[in-house]
Amino acid sequence: EGGRAYEDLAERIALRKLIPPTGRRLVEFGAAFGRLAELYDGYQQVLLVDYSRSLLRQAQQRLGVGGRFIYIAANLYKLPLAAGVVDTAVMVRVMHHLADVPAALAQIRPTIAPGGAFVAEYASKRHLKAMARYALRRQTWSPYDPTPYEFVPLNFDFHPTWMSAQLTAAGFSIQRELAVSHFRMPLLKRLVPAATLAAADGAVQGIGAAWKLTPSVFVRCAAPGGLPASLPASLFQCPECGGALASGDESLDCAACGRRWSTAGDLYDFKEPLPAA
């Protein structure tokens, strides 16, 4: 919707190339209403994390409750997930809203088991349109400056070199990159069917990664080590103190700090703790 059909299809092509097709447990950060959920059919359990309760409720209506999908309302800077709890993590259309990328990556990295994959998308500032506008002096900011650029409040574009440095500093090794949305131009999107444009984009995503001149870049990273024989059975820890959580009456309760987190309506809500019992 909103004229993004081409981008949606191109992103799905990229994700099918990057996400391991099967696994035990996957988490999507910024899952919203579960737009990409069907891409995770090869996983035994899928954790959908988002800050918006209302979007997660929409995901529940679309995907159902009580099955493979677990719905988690949480702050990305204070994740409630236990260490090594997933073998794959995905984050699409989220990075450009992060004012503190290193802090977010520091939260994400421990949730991924050794040998696990992190597939992420970010908005690139060094794309052809920005380069042309800068050359013609129609914009003041440089697409070659590695510093993130905030073009409107809490909307950032990132230089590929800067983003690679952040992922490496967080403890990831970069395995593969794809350049996505080569044809994000209003005229082309009006004249050419979205599926045709996306197929053309998919054909050049790998080649384009050598230059990364597109407005969107996808990257697959690995956590060091080999995948363990099993993942932790307990999904959660207290997002405030890291303590273990015990099941209460429609809540998860932290014995270490006393905070209680709602589980009502099959939604694990870690945004604010419940009032003291």
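To keep things clear, this report deals only with the structure shown in the data block. (Residues numbered from 1 in each chain as written. Predicted model: local features only at pLDDT ≥ 70, side-chain atom pairs only at ≥ 80, totals over all residues. Heavy atoms only, no water.)

1. Some thoughts on the overall build of the chain
Phase 1: Along the chain, the regular secondary structure elements total 7 helices and 13 strands.
Phase 2: Reported as C-alpha extents along the three principal axes, the dimensions of the chain are approximately 65 × 35 × 35 Å.
Phase 3: At a minimum sequence separation of 6, the contacts of the chain that also span at least 24 residues come to 66%.
Phase 4: Roughly 12800 Å² of accessible area belongs to the chain as shown, and the carbon and sulfur atoms make up 57% of that amount.
Phase 5: Averaging the coordinates of the 29 positive side-chain charges in the chain and doing the same for the 23 negative ones gives two points 7 Å apart. (Helix = DSSP H or I, 4+ residues; strand = E, 2+ residues; numbered from the N terminus. Contact = heavy atoms within 4.5 Å. Areas by Shrake-Rupley, 256 points an atom, 1.4 Å probe, with all protein chains shown as cover. Lys, Arg positive; Asp, Glu negative; His and termini not counted. Charge placed at Lys NZ, Arg CZ, Asp CG, Glu CD.)

2. Notes on the packing of aromatic side chains
Phase 1: Going through the model one piece at a time under the given rule, you end up with 8 aromatic pairs.
Phase 2: Seen in terms of ring centroids, Phe236 and Phe270 are 5.1 Å apart; in terms of plane orientation they differ by 45 degrees. Their pairing is tilted. In this pair, Phe236 sits in the loop between strand 9 (216–222) and strand 10 (245–247) while Phe270 sits in the segment after strand 13 (267–269), placing the two residues 34 residues apart along the sequence.
Phase 3: Looking at Phe270, the relative accessible area reads 4%, which means it is buried.
Phase 4: In this structure an aromatic cluster arises from ring pairing among Phe236, Trp261, Tyr268 and Phe270.
Phase 5: Above the plane of the ring of Tyr51 lies Lys271, whose end atom (NZ or CZ) is 3.9 Å from the centre. (Phe/Tyr/Trp six-rings, centres within 6.5 Å; stacked < 30°, edge-to-face > 60°. Buried < 20%, exposed > 50% of the residue type's maximum accessible area, 1.4 Å probe, protein only. Lys NZ or Arg CZ within 6 Å of the ring centre and 35° of its normal.)

3. Concerning the pairing of strand 11 (residues 251–254)
Phase 1: Of the strand pairs in this sheet, strand 10 and strand 11 are connected by 3 bridges, and their pairing is antiparallel. Note that in strand 11 the partner of Ser247 across the bridge is Leu252.
Phase 2: Linking two consecutive strands that pair antiparallel, namely strand 10 and strand 11, is a turn of 3 residues; a positive phi of about 55 degrees is found at Glu250 within it.
Phase 3: For strand 11 and strand 12 (residues 260–262), the ladder comprises 3 bridges, and the chain directions are antiparallel. (Pairing = 2+ DSSP bridges.)

4. A short note on the packing of helix 1 (residues 5–18) against helix 7 (residues 194–208)
Helix-helix packing is characterised by the crossing angle of the two axes and by the distance between the axes.
Phase 1: For the pair helix 1 and helix 7, the least separation of the axes is 8 Å and the interaxial angle reads 35 degrees. Regarding helix 1 and helix 7, the two cross each other, and that crossing is right-handed. Facing Ala5, Tyr6, Leu9, Ala10, Ile13, Ala14 and Lys17 of helix 1, the residues of helix 7 in contact are Ala194, Ala195, Leu197, Ala198, Ala199, Asp201, Gly202 and Gln205.
Phase 2: Split into classes, the residues belonging to the contact of helix 1 with helix 7 amount to 11 nonpolar, 2 polar and 2 charged. (Axes fitted to C-alpha atoms, helices over the stretch in contact; angles between N-to-C directions. Left-handed = near helix turned anticlockwise from the far one by under 90°. Nonpolar A, V, L, I, M, F, W, Y, C, P; charged D, E, K, R; others polar.)

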